[in-house]
Amino acid sequence: MVNQTYALETDKETLLAMYREMLLARRIDERMWLLNRSGSIPFVVSCQGQEVLQIAASFALNKEKDYVLPYYRDLGVVLHFGMTTREIFLQAYAKGEDPNSGGRQMPSHFGQKKNRIVTGSSPVTTQVPHAVGFALATKMEKKSAVSFVTLGEGSSNQGDFHEGLNFAGVHKLPVIFMVENNKYAISVPLSKQVACENIADRAIGYGMKGIKVDGNEAFEVYKAVKEAHERALNGEGPTLIEAVSYRLTPHSSDDDDSTYRTKDEVSSEKSKDGIVRFKQFLMDKGYLTDALNEELETTIKQEINDATEYAENAPYADVSTLSNHVYGQKEDH
Ligand SMILES: Cc1ncc(C[n+]2csc(CCOP(=O)(O)OP(=O)(O)O)c2C)c(N)n1
């Protein structure tokens with residue numbers, strides 16, 4: 001098999017595209033916090049600390065064919081699959097043009113049919129059996145597509161996780177489960193969530209390959225997902241990937257993380273930030289320069305300013321649409 005990681009490491013254009021998406025996700029997230037703290041938007045749930053693994057995984061998928069079933073932190077995944085910066089801000093402001101739910105769901109409950117982003121629900125882990133269902137349909141229809149689902153490590157204790165993995169393992173379905181282990185489930189640290197050493201070890205109980213990777217290392221994540229993707233398309237069944245990172249922000253804008261973790265711990269984890277590491281790699285290779293980085297930052301800022309202004313001025317959903325997507329609608333004849 002071709003060593004995909006090696007091929008990627010010399011592919012300057014793809015690497016710069018990856019970096020741009022990581023940076024865009026981080027800067028969007030940072031803007032969301034400013035808007036929340038200034039009272040403009042009601043709620044933020046961050047991707048910060050998880051951008052590298054989200055973007056690296058997304059680049060290993062086929063965004064024209066695969067289905068993604070993201071969880072609320074997957075800003076990087078949905079940006080890669082085609083959700084625009086404007087659309088991200090429209091959902092944060094709960095405006096009518098929000099592609100996820102027309103402003104009806106909580107922010108970050110991503111879903112957009114045209115980009116094969118399958119909507120999730122507020123109860124965590126419901127996306128796992130949904131992803132397995134998509135993979136079953138894909139197999140029955142003999143389509144060449146993979147279903148990619150993400151969740152937090154805390155969510156891997158829910159029944160839905162185990163039922164989903166069991167069914168996918170038995171039927172050898174083309175699905176990739178990626179646990180984004182950010183070491184906390186709100187205030188509960190990893191040591192109080194699971195008694196096993198690795199979340200990836202759970203794979204063996206369901207007859208599938210399990211692999212643990214450093215989520216701050218883009219190439220490790222890319223390789224794991226690329227191989228899982230190939231296995232899925234070859235009919236070799238599902239894979240469980242555990243990508244370890246750290247949640248750099250509080251659980252959400254409604255959480256005070258100082259009650260359960262120290263500032264020292266957070267700043268020590270911040271020093272391992274995968275984006276900084278990836279940027280350094282690009283600099284060392286000569287693919288990125290200070291000037292190019294500055295240019296990227298400027299264009300991203302402009303894109304975010306435009307999106308913020310657009311979403312702020314956009315109308316809320318019209319009251320006449322209140323029951324759309326809630327009750328069945330009569331077709332016009
Ligand atoms: C079934 C269910 N139980 C509890 C909650 C409340 N809740 C929302 S997020 C969350 C923590 C999930 O932790 P994890 O899966 O590790 O994801 P993380 O937020 O850390 O990325 C909980 C308990 C919920 N939304 N759904």
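Residues numbered from 1 in each chain as written. Predicted model: local features only at pLDDT ≥ 70, side-chain atom pairs only at ≥ 80, totals over all residues. Heavy atoms only, no water.

In the annotation of an unreviewed UniProt entry, the entry for the protein chain reads 2-oxoisovalerate dehydrogenase subunit alpha, and the organism field reads Gracilibacillus salitolerans. Taken directly from UniProt, the Function (unreviewed entry) text for the protein chain runs: "The branched-chain alpha-keto dehydrogenase complex catalyzes the overall conversion of alpha-keto acids to acyl-CoA and CO(2). It contains multiple copies of three enzymatic components: branched-chain alpha-keto acid decarboxylase (E1), lipoamide acyltransferase (E2) and lipoamide dehydrogenase (E3)." Turning to the protein chain, the UniProt annotation filed under Sequence similarities (unreviewed entry) states: "Belongs to the BCKDHA family." (UniProt positions renumbered as here; feature names shortened; annotations may be inferred.)

A. Region of interest: the packing of helix H2 (residues 12–37) against helix H5 (residues 85–92). At their nearest, the axes of H2 and H5 sit 12 Å apart, and the two run at 25° to each other. Between H2 and H5, the crossing angle belongs to the class labelled roughly parallel. For the element pair H2 and H5, the recorded crossing hand is right-handed. From H2, Leu24, Ile28, Arg31, Met32 and Leu35 reach across to H5, where they touch Thr85, Ile88, Phe89, Gln91 and Ala92. (Axes fitted to C-alpha atoms, helices over the stretch in contact; angles between N-to-C directions. Helix = DSSP H or I, 4+ residues; strand = E, 2+ residues; numbered from the N terminus. Parallel < 35°, antiparallel > 145°, perpendicular 65-115°, else oblique. Left-handed = near helix turned anticlockwise from the far one by under 90°. Contact = heavy atoms within 4.5 Å.)

B. Layout of the site of the ligand. Around the ligand, a shell composed of 16 residues is seen, among which Tyr71, Tyr72, Arg73, Ser155 and Tyr184 lie nearest. Here Glu153 contributes a side-chain N or O atom positioned 3.3 Å from an oxygen atom of the ligand. Here Asn182 contributes a side-chain N or O atom positioned 3.0 Å from an oxygen atom of the ligand. About the coverage of the ligand: the protein hides 72% of its 580 Å² of free accessible area. In terms of residue class, the shell around the ligand is made up of 7 nonpolar, 7 polar and 2 charged. (Near = heavy atom within 4 Å. Polar contact = N/O pair within 3.5 Å; in protein donor to acceptor, adjacent residues only side chain to side chain. Areas by Shrake-Rupley, 256 points an atom, 1.4 Å probe, with all protein chains shown as cover. Nonpolar A, V, L, I, M, F, W, Y, C, P; charged D, E, K, R; others polar.)

C. Quick look at the pattern of salt bridges. By the definition in use, this model includes 14 salt bridges. Residue Glu30 pairs with Arg27 through a salt bridge whose shortest N-O separation is 3.0 Å. Of this pair, Glu30 and Arg27 both sit in helix H2, 3 residues apart, which is roughly one turn of that helix. Residues Asp257 and Arg261 are paired through a salt bridge, measuring 3.0 Å at the closest nitrogen-oxygen approach. (Salt bridge = Lys/Arg side-chain N within 4 Å of Asp/Glu carboxyl O.)

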